[in-house]
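Survey of secondary and tertiary structure
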Amino acid sequence: MTNNRTIKITLIKSTIGTKKIHRETIKGLGLSKINSYSILNDTPSIRGMINKVFYLVKCD
């Protein structure tokens, strides 16, 4: 039983002026510029990263 669910994450706000750990989390999610997106597996660790930077990203 594998989890084949994915989640699309889009960067909607700039990381300028945010904490360094939040900028590193955005980079870890594979995002770089505004409106860039990344499609990742829906795992608890990815969910935790999204929750940390919820104010910068949009999930579809």
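Residues numbered from 1 in each chain as written. Predicted model: local features only at pLDDT ≥ 70, side-chain atom pairs only at ≥ 80, totals over all residues. Heavy atoms only, no water.

Some remarks on helix α1 (residues 20-28)
Rule in force here: Here the term buried applies to any residue with accessible area under 20% of the maximum for its type, exposed to any over 50%, and partly exposed to those in between, with areas from a 1.4 Å probe on protein chains only. A run of DSSP states H or I qualifies as a helix once it reaches four residues; a run of E qualifies as a strand once it reaches two. Both are numbered from the N-terminal end. It is the directions from the helix axis to the C-beta atoms whose arc is reported. Contacts between residues were defined by any pair of non-hydrogen atoms, one from each residue, lying within 4.5 Å.
Among the residues making up α1, those that are buried are H22, T25 and I26. One face of α1 carries all of its buried residues, which in axial projection span an arc of 100°. Exposed side chains of α1 directed beyond 90 degrees from the buried face belong to K20, K27 and G28. Contact partners of the buried residues in α1: β1 (6-11), α2 (44-52) and β3 (57-59). Positive phi shows up at G30, right after α1, with a value of about 85°.

Let's talk about the confidence of the model for the chain
We count it as follows: Values of pLDDT, ranging from 0 to 100, describe the predictor's confidence in every residue of the model.
Per-residue pLDDT for the chain averages 94, and the proportion of residues at 70 or more is 95%. Across the chain, the element-wise mean pLDDT spans from 96 in α2 up to 98 in α1.

Focus on the nonpolar core
Applicable threshold: The set of buried Ala, Val, Leu, Ile, Met, Phe, Trp, Tyr and Cys residues whose side-chain atoms join them within 4.5 Å is what this entry labels a nonpolar core.
Membership of the largest hydrophobic core is limited to eleven residues, which are I7, I9, L11, I26, L29, L31, I46, I50, V53, L56 and V57. Those elements that place two or more of their residues in this core are β1 and α2. Looking at this core, the element that brings in the most residues is β1, giving three residues. When near neighbours in sequence (up to four residues on either side) are disregarded, L11 contacts I26, L31, S32, K33, I34, N35, S36, L56 and V57.

Considering the pairing of β1
Threshold: Paired strands, in this sense, are two strands between which DSSP finds at least two bridges.
Here five bridges tie β1 to strand β2 (residues 37-41), and the two strands are oriented antiparallel to one another. What sits directly across from I9, in β2, is S38. In the sheet, β1 pairs with β3 via three bridges, with the strands oriented antiparallel. Bridging from a neighbouring strand, I9 pairs with C59 of β3.

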